[in-house]
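# Structural features, examined
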2 protein chains.
Amino acid sequence: MKKTVLIFGMLAFAILALLQLSKYALISGDLTIELIISGIAIVFFVIGVAIQKRFRKQETESKEIDQKQLDTIGLSKREYEVLIEMASGYSNKEIATHLFVSESTIKTHVSNVFLKLDAKRRTQAIQKAKELQILPI
Amino acid sequence: MKKTVLIFGMLAFAILALLQLSKYALISGDLTIELIISGIAIVFFVIGVAIQKRFRKQETESKEIDQKQLDTIGLSKREYEVLIEMASGYSNKEIATHLFVSESTIKTHVSNVFLKLDAKRRTQAIQKAKELQILPI
DNA sequence: ATGTATCTCATACTAAAGTACCAAAGTGAT
DNA sequence: ATCACTTTGGTACTTTAGTATGAGATACAT
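Throughout what follows, the structure given in this document is the object of discussion. Keep in mind the model is a prediction, meaning the values are calculated, not measured.

A few words now on the protein's contact with DNA strand D. Taken together, 19 residues are adjacent to DNA strand D, and Ser76, Val101 and Ser102 of chain A together with Lys107 and Arg122 of chain B come closest. In DNA strand D, the atoms that sit within 4 Å of the protein are 67% sugar and phosphate, with bases accounting for the remainder. Contact between DNA strand D and lysine 107 of chain B: a base oxygen at 2.7 Å from a side-chain N or O atom of the residue. Counting only elements with at least two residues in the surface near DNA strand D, the list comes to α4 (77–87) and α6 (103–117) of chain A together with α5 (92–99) and α6 (103–117) of chain B. Here the surface near DNA strand D is built from residues that sort into three nonpolar, nine polar and seven charged.

Here we come to the packing of α4 of chain A against helix α5 (residues 92–99) of chain A. Residue and element names in this part refer to chain A. Put simply, α4 and α5 touch, their axes get as near as 10 Å, and they point 130 degrees apart. The angle between α4 and α5 falls in the class oblique. Of the two possible hands of crossing, α4 and α5 adopt the one that is right-handed. Contacts from Arg78, Glu81, Val82, Glu85 and Met86 of α4 reach α5 at Ile95, His98 and Leu99. Partitioned by chemical class, the residues of the contact of α4 with α5 number four nonpolar, one polar and three charged.

Rules of the game
- Numbers given for residues are sequential positions, taken from 1 along each chain in its written order.
- Naming scheme: in the order in which they are written, chains are lettered from A and ligands are numbered from 1.
- Under the rules for a predicted model, residues below a pLDDT of 70 receive no local features and side-chain atom pairs below 80 are neither given nor counted, while totals for whole chains, interfaces and linings still include all residues.
- Water and hydrogen atoms were dropped before computing side-chain values, which therefore reflect all heavy atoms in the structure.
- One heavy atom suffices: a residue is near a molecule or strand as soon as one of its heavy atoms comes within 4 Å of it.
- Polar contacts, as used here, are pairs of N or O atoms within 3.5 Å; protein pairs need one atom able to donate a hydrogen and one able to accept it. Residues neighboring in sequence count only if both atoms are side-chain atoms.
- Secondary structure elements are defined from DSSP: runs of H or I of at least 4 residues count as helices, runs of E of at least 2 residues count as strands, and each element is numbered from the N terminus.
- Only Asp, Glu, Lys and Arg are considered charged in this grouping, and only Ala, Val, Leu, Ile, Met, Phe, Trp, Tyr, Cys and Pro are considered nonpolar; every other residue, Gly among them, is considered polar.
- A fitted line through C-alpha atoms serves as each axis, taken over the contacting stretch for helices, and the angle formed by two N-to-C directions is quoted from 0 to 180°.
- Each angle gets one of four labels, with under 35 degrees taken as roughly parallel, over 145 as roughly antiparallel, 65 to 115 as roughly perpendicular, and the rest as oblique.
- By definition, any crossing whose near helix is turned counterclockwise from its far helix by less than a right angle is left-handed, and any crossing with a clockwise turn is right-handed.
- Whether two residues are in contact is decided by their heavy atoms: any pair within 4.5 Å suffices.

This is the structure:
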């Protein structure tokens, strides 16, 4: 947030400087009116695009992994891995193969995930995890 | 697409007109240099924001239900309902209650959904449906 | 009318998922 | 060193999920 304020402050200063500069450049006759107007137009067009892009970034960022919620839920690293595999549509046996452990281990992890997400089925766990913005995509 | 080209053409024409206008306004002395530059800056800033917004819209619009793919997959109305219930995390028994039919019926629908989505498990079916942009959310 | 597809439901079965314990070994912090 | 947590794995069991097959009822199009 402090960073944003600083950038906007510097931007405002740069804009004022640019305006003054172009004004004196015109009076002194170094540049033609067409060039100055074109320059101003390009600069502000770019600024407009950049600012809109910044807001868009903030909007879409809300659709990525919510690290804070992940912490409050308290899933362990391994449990989280299993959750992601589950959401990808794999069976316990397949997950066991992917993570090089036994199916029993996966079942234990799965049960723990259910407890922490308050779910009764894996589909429900996936749904809840999605609502909590915990899953990639 | 034709619409976009037309809009951009008109926009280009408007910009050229604006530049000429401001040039002659300055020469005739009706407006000060500050006003003209400010006006140009604002106009192009707005144009930059608008264009960026248009692209952003196209990006986010691709995240809604893809009716065409739904048709090609050929899910029946009832099968699609069952798929959505599945993705919401409900068990076969719960889905049966929601749709006022027996669990057997749900099992039949579920199996048909698996065939049409080429899935072996409900979690996989959900994942594939999501990739095909068939599910709401 | 007759065929095609959908929706419904049943039985009988296999496979997978999930629960409930228990327990050993490793990790990390105080 | 001790405690808490994680990771691993096991057995035994219950519950869902999923498959295969058959079949009646409805609706819709040719």
